[in-house]
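Per-entry structural report
Given next are the chains, with one letter for each unit.
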Protein chains: 2
Amino acid sequence: MSADLTRNQALVMKTLSGAGAPLSAYTILDRLRDDGLRAPLQVYRALDKLTEMGLVHRLESLNAFVACAHPNCHEQELIAFAICENCGKVEEFSDQVVKDRLDGWARNHRFKAAKTTIEIRGDCGRCEVKS
Amino acid sequence: MSADLTRNQALVMKTLSGAGAPLSAYTILDRLRDDGLRAPLQVYRALDKLTEMGLVHRLESLNAFVACAHPNCHEQELIAFAICENCGKVEEFSDQVVKDRLDGWARNHRFKAAKTTIEIRGDCGRCEVKS
DNA sequence: GAACAAATGTTATGACATTACATATCCTTG
DNA sequence: CAAGGATATGTAATGTCATAACATTTGTTC
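Report on the accompanying structure. (Residues numbered from 1 in each chain as written. Chains lettered and ligands numbered in written order. Predicted model: local features only at pLDDT ≥ 70, side-chain atom pairs only at ≥ 80, totals over all residues. Heavy atoms only, no water.)

1. Regarding the protein's contact with DNA strand D
The environment of DNA strand D is made up of 16 residues, and the closest members are Tyr26 and Arg58 of chain A together with Thr6, Gln42 and Arg45 of chain B. Here, DNA strand D places atoms within 4 Å of the protein, and 48% of those atoms are sugar or phosphate. Asparagine 8 of chain B places a polar side-chain atom, nitrogen or oxygen, 3.0 Å from a phosphate oxygen of DNA strand D. Listing elements by their share of the surface near DNA strand D, those giving two or more residues are helix 3 (40-53) of chain A together with helix 1 (7-19) and helix 3 (40-53) of chain B. It is helix 3 of chain B that provides the largest number of residues to the surface near DNA strand D, a total of four residues. (Near = heavy atom within 4 Å. Polar contact = N/O pair within 3.5 Å; in protein donor to acceptor, adjacent residues only side chain to side chain. Helix = DSSP H or I, 4+ residues; strand = E, 2+ residues; numbered from the N terminus.)

This is the structure in structure tokens:
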């Protein structure tokens, strides 16, 4: 398994898992002050490792981080995110057809893809929120 | 046509068009000092309008902006970006199948999409670059 | 237990973006 | 044309996100 996290990694992971929504690195830091964390780098370093391990995803359009919805599948496949701008919740999904099409484009253009981001911002339709 | 840009909008547009690659707001600002621009907000305001008009796209994974490759089609359709991490060049493309799949997912999940980001980071295979 | 790799702690700084407020310009419409 | 509204501008200050550089500690391996 992947459970050999260091202290800081475990703290950050726990914070993100408990949040149920994306958090910024600085928000994570604020929530971990009492646990002894004091500098942004401590959080960013943990986030880097957790992201490498596939336990955390970075949402580019939010400059924030979210715990992977599939805690055990450190799949590095193509993941798409649907981000609700009302309630902040994120849904994670994969679509093989989308992946095939993007891979196909890349192949046709001799483009060697390293990382692909798909983020849909909108309204999840499930939240009755603060207006 | 769309040619009724204000002074600041025109300056920012010209800078971005001439660059042939994405620029950060602050880089644009630096290049427009001689034209009288002095504050980030002047650039950000112009970028907001140009983005609304579809003349400029924001690249979320880069925190940067690029002139639309199709200057006259202010299509607000789904656009994907392939960003070369070597040479910085960006290619812009659309894929109806990808759009249909993502629209389909949204429909099935009652998710009302407002804006979708697709960005592929990698190596364009066309650049022999600085190593 | 020496030596190396990995993780941590800390300070400072760099990079990206917005708030708040004042002023100016343009464009209606009576 | 004057009045009023909408849009664009100018400016300073501040807020938010991220990394560089360096010192120290911990963990592993032989």
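2. Notes on the relation of the copies chain B and chain A
Copy one and copy two of the chain differ by a rotation about an axis and a translation along that axis. Rotating chain B by 180 degrees about the axis while translating it 0.0 Å along that axis superimposes it on chain A, leaving an RMSD of 0.1 Å. The transformation relating the two chain copies, once decomposed into turn and shift, fits a two-fold axis. A share of 100% of interface residues in chain B that are also interface residues in chain A marks the association as one of identical surfaces. (Least-squares fit on C-alpha atoms with pLDDT ≥ 70 in both. Contact = heavy atoms within 4.5 Å.)

3. Quick word on the pattern of salt bridges
A complete count under the given rule lists 14 salt bridges over all chains for this structure. Taking the shortest distance from any N to any O, the salt bridge between arginine 33 of chain B and aspartate 30 of chain B comes out at 3.6 Å. Close ionic contact of arginine 126 of chain B with glutamate 91 of chain B constitutes a salt bridge, the shortest N to O distance being 3.1 Å. One end of the pair, arginine 126 of chain B, is in the segment after strand 5 (112-123); the other, glutamate 91 of chain B, is in strand 4 (residues 90-93), and 35 residues separate them in sequence. For arginine 126 of chain B, a relative accessible area of 51% corresponds to the exposed category. A network of salt bridges, in which partner residues are shared, links Arg58, Glu60 and Lys115 of chain A. (Salt bridge = Lys/Arg side-chain N within 4 Å of Asp/Glu carboxyl O. Buried < 20%, exposed > 50% of the residue type's maximum accessible area, 1.4 Å probe, protein only.)

4. Let's talk about empty space enclosed by the protein
One pass over the full model with this rule turns up two cavities of 30 Å³ or more. Each pocket or cavity is described by its volume, and for the largest cavity that value is around 40 Å³. Around the largest cavity sit Leu78, Ala80, Phe93, Ser94, Asp95, Val98 and Ile118 of chain A together with Leu102 of chain B, which together line it. Split by residue class, the lining of the largest cavity holds six nonpolar, one polar and one charged. Volume-wise, the second largest cavity comes out at about 30 Å³. (1 Å grid on protein atoms, 1.4 Å probe; cavity = no way out; pocket = protein on both sides within 12 Å on 5 of 7 lines; lining within 4 Å. Points joined across faces, edges and corners; volume = space filled by probe spheres on them. Nonpolar A, V, L, I, M, F, W, Y, C, P; charged D, E, K, R; others polar.)

5. Re the side chain of glutamate 92 of chain B
Residue and element names in this part refer to chain B. Tracing the backbone shows glutamate 92 in strand 4. Salt bridges are absent for the buried glutamate 92, whose nearest opposite-charge side chain, lysine 115, sits at 11 Å. In terms of polar contacts, glutamate 92 uses its side chain to reach the side chain of histidine 57, at 3.1 Å. In this structure the side chain of glutamate 92 is engaged in a polar contact, spanning 2.9 Å, whose partner is the backbone nitrogen of alanine 69. Leaving out residues up to four positions away in the same chain, glutamate 92 has contacts with His57, Ala67, Cys68, Ala69, His70, Ile79, Ala80 and Phe81. (Lys, Arg positive; Asp, Glu negative; His and termini not counted.)

6. What to know about the state of the cysteines
Throughout the structure, instances matching the rule amount to zero disulfides over all chains. The closest cysteine sulfur to the non-disulfide-bonded cysteine 84 of chain A is located on cysteine 127 of chain A, 3.6 Å from its own sulfur. Of all cysteine sulfurs in the structure, the one in cysteine 87 of chain B sits closest to cysteine 84 of chain B, which takes part in no disulfide; the separation is 3.6 Å. (Disulfide = S-S within 2.5 Å.)

7. Quick word on the interface of chain B and chain A
If you look at the interface, chain B gives 33 residues, while chain A gives 33 residues. Between chain B and chain A, the buried area comes to about 2,800 Å², and carbon and sulfur atoms account for 63% of it. Where chain B packs against chain A, one counts two salt bridges. One salt bridge connects aspartate 95 of chain A with arginine 101 of chain B, and the closest N-O pair in it is separated by 2.9 Å. At the surface where chain B touches chain A, the tally comes to twelve residue pairs in polar contact (both at pLDDT 80 or more). Counting only elements with at least two residues in the side of chain B that touches chain A, the list comes to strand 3 (80-84), strand 4, helix 4 (96-108) and strand 5 of chain B. Of the residues forming the side of chain B that touches chain A, the biggest block, twelve residues, is contributed by strand 5 of chain B. For the side of chain B that touches chain A, a count of residues per class yields 14 nonpolar, seven polar and twelve charged. (Buried area = accessible area lost by both parts, 1.4 Å probe.)

8. Brief notes about the pairing of strand 4 of chain B
All names here are of chain B. Here strand 3 runs beside strand 4; their pairing, made up of four bridges, is antiparallel. What sits directly across from phenylalanine 81, in strand 4, is glutamate 92. Counting the residues between successive antiparallel strands, the hairpin from strand 3 to strand 4 contains five residues, one of them, glycine 88, with a positive phi of roughly 85 degrees. (Pairing = 2+ DSSP bridges.)

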